Amino acid sequence: LARWIRRSLGLSSEQRLEDLRDASRAACQREMRVVEATNIPSGRVLAAVGWRTDPGPTVIARPSPRENARFLWGRGLYLALRGATEGPRLVTDARTWEQRGSRAFGAELLAPQDGVMQMYSTDESEIGRDGAMAPRVSANCALPACGSLTRGPRMSMRWRSSRLIG
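Throughout what follows, the structure given in this document is the object of discussion. Residue numbers here run from 1 along each chain, matching the order of that chain's written sequence. Where local features are concerned, this predicted model is filtered to residues with pLDDT of at least 70; where side-chain atom pairs are given and counted, the filter is 80 or more; whole-chain, interface and lining totals use all residues. Derived side-chain values reflect all non-hydrogen atoms in the structure, with water molecules and hydrogen atoms excluded from consideration.

1. A closer look at the side chain of Gln 99
Now for step 1: When you line up the elements, Gln 99 lands in helix H4 (residues 97-110).
Now for step 2: Think of it in three bands: with a 1.4 Å probe and only protein chains considered, a residue is buried below 20% of the maximum accessible area for its type, exposed above 50%, and partly exposed in between. Of the residues examined, Gln 99 reaches a relative accessible area of 4% and is grouped as buried.
Now for step 3: With sequence-adjacent residues up to four places away left out, Gln 99 is seen in contact with Arg 75, Leu 79, Leu 90, Val 91, Thr 92 and Ala 94. Here a helix means four or more residues in a row that DSSP labels H or I, a strand means two or more in a row labelled E, and each is numbered from the N terminus. Residue contacts are defined here by distance: any two heavy atoms, one from each residue, within 4.5 Å place the two residues in contact.

2. Regarding the packing of aromatic side chains
Each aromatic ring pair is summarised here by two numbers: the centre-to-centre distance and the angle between the ring planes.
Now for step 1: Put simply, two rings from Phe, Tyr or Trp (the six-membered ring, in Trp's case) pair if the centres are within 6.5 Å, and we call them stacked under 30 degrees between planes, edge-to-face over 60, tilted for the rest. Under the criterion given, the structure shown has one aromatic pair.
Now for step 2: Taking 5.4 Å as the distance between ring centres and 35° as the angle between the ring planes, the aromatic pair formed by Tyr 78 and Phe 105 counts as tilted. You can see Tyr 78 sitting in helix H3 (residues 66-82) and its partner Phe 105 sitting in helix H4, a full 27 residues away along the chain. Of the two residues, Tyr 78 and Phe 105, neither departs from the other in class, the shared state being buried.
Now for step 3: Charge-over-ring contacts are defined here by two conditions on Lys NZ or Arg CZ: a distance within 6 Å of the ring centre and an angle within 35 degrees of the ring normal. Taking the ring centre of Trp 97 as reference, the NZ or CZ of Arg 100 above it sits at 5.1 Å.

3. Examining H3
Now for step 1: The end-to-end C-alpha distance of H3 is 24 Å, a good match for the 24 Å that 17 residues give at a rise of 1.5 Å each.
Now for step 2: Burial within H3 is extensive, with 13 of its 17 residues counted as buried. Multiplying 1.5 Å by the residue count of a helix minus one yields the expected span of that helix.

4. Considerations on the pattern of salt bridges
Now for step 1: The working definition used for a salt bridge is a side-chain nitrogen of Lys or Arg within 4 Å of a carboxyl oxygen of Asp or Glu. One pass over the full model with this rule turns up ten salt bridges.
Now for step 2: Glu 108 serves as the salt-bridge partner of Arg 3, at 3.0 Å between the closest nitrogen and oxygen. Taken together, the positions of Arg 3 in helix H1 (residues 2-8) and Glu 108 in helix H4 put the pair 105 residues apart, joining distant regions of the chain.
Now for step 3: What makes Arg 3 partly exposed here is its relative accessible area of 43%.
Now for step 4: With its nearest N and O atoms 3.9 Å apart, the salt bridge here joins Glu 31 to Arg 21. Here Glu 31 is found in the loop between helix H2 (20-28) and strand S1 (33-36), whereas its partner Arg 21 is found in helix H2, with ten residues between them in sequence.
Now for step 5: Judged by its relative accessible area of 36%, Glu 31 falls in the partly exposed class.
Now for step 6: Salt bridges sharing partners connect three or more residues here, namely Asp 19, Arg 21, Asp 22, Arg 25 and Glu 31.

5. A look at the packing of H2 against H3
Now for step 1: Running from N to C, H2 and H3 cross one another at 15°; their axes reach a closest spacing of 10 Å. When the interaxial angle is binned, H2 and H3 end up roughly parallel. Here H2 runs over H3; the crossing is right-handed. Facing H2, whose interface residues are Leu 20, Ala 23, Ser 24, Ala 27 and Cys 28, H3 presents Arg 70, Trp 73, Gly 74, Leu 77 and Leu 81.
Now for step 2: Each residue receives one of three labels: charged for Asp, Glu, Lys and Arg, nonpolar for Ala, Val, Leu, Ile, Met, Phe, Trp, Tyr, Cys and Pro, and polar for the others, Gly being one of them. The residue inventory of the contact of H2 with H3, partitioned by class, reads seven nonpolar, two polar and one charged. Interaxial angle, 0 to 180 degrees, is taken between N-to-C directions of lines fitted to C-alpha atoms, where a helix line uses only the stretch in contact. Angle categories are assigned with fixed cut-offs, so that under 35 degrees is roughly parallel, over 145 is roughly antiparallel, 65 to 115 is roughly perpendicular, and the rest are oblique. Helix crossings fall into two classes, left-handed where the near helix is turned counterclockwise from the far one by less than a right angle and right-handed where it is turned clockwise.

6. Re the sheet that holds S1
Now for step 1: The sheet built from four strands is open, its strands ordered S1-S3-S2-S4 with mixed pairing. Across the chains shown, the open sheet's two edge strands, defined by having one partner strand only, are S1 and strand S4 (89-92). With strand direction ignored, the average angle separating the axes of adjacent strands in the sheet is 20°.
Now for step 2: For two strands to be treated as a pair, DSSP must find at least two bridges joining them. As paired strands, S1 and strand S3 (residues 57-61) are joined by four bridges and run parallel to one another. What sits directly across from Val 35, in S3, is Ile 60.
Now for step 3: Helix-sheet contacts for H3 involve S1, strand S2 (45-51), S3 and S4, and the interaxial angle to S2 is about 40°.

Okay, here's the thing in structure tokens:
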């Protein structure tokens, strides 16, 4: 889905998605609305996601640094698209398939695996046998450059393989 959205927008795997509302318009012909709410308590719930016929997907999240927020909003868009008929959803740090899917969608939408590989790895030793990216892409490496996450000591994204790049 993330790749289809990027293709619909005419973005190559190296280009930055500037505005997630463009992704929302490409996916469902409606603009995503983001509301920052200071009354969401800290903890495992990161945001709430709902769908209204007008304006469309709505993500309600606590204020956070811009690049972290973009990843969270991307996750929210996935949950809104996937569960539009099932009512409101939560974006959490849980390890359910739905939450894992939202993290994979957000990462691929903002930092496509093909683009990260092209930007940071020409050495075959850094790429797994099946062409997969290393297991952890450090926040010091690809994701800040692609505009999805900021640097931080505990932030990382997991992919399939066994070497650390960074």
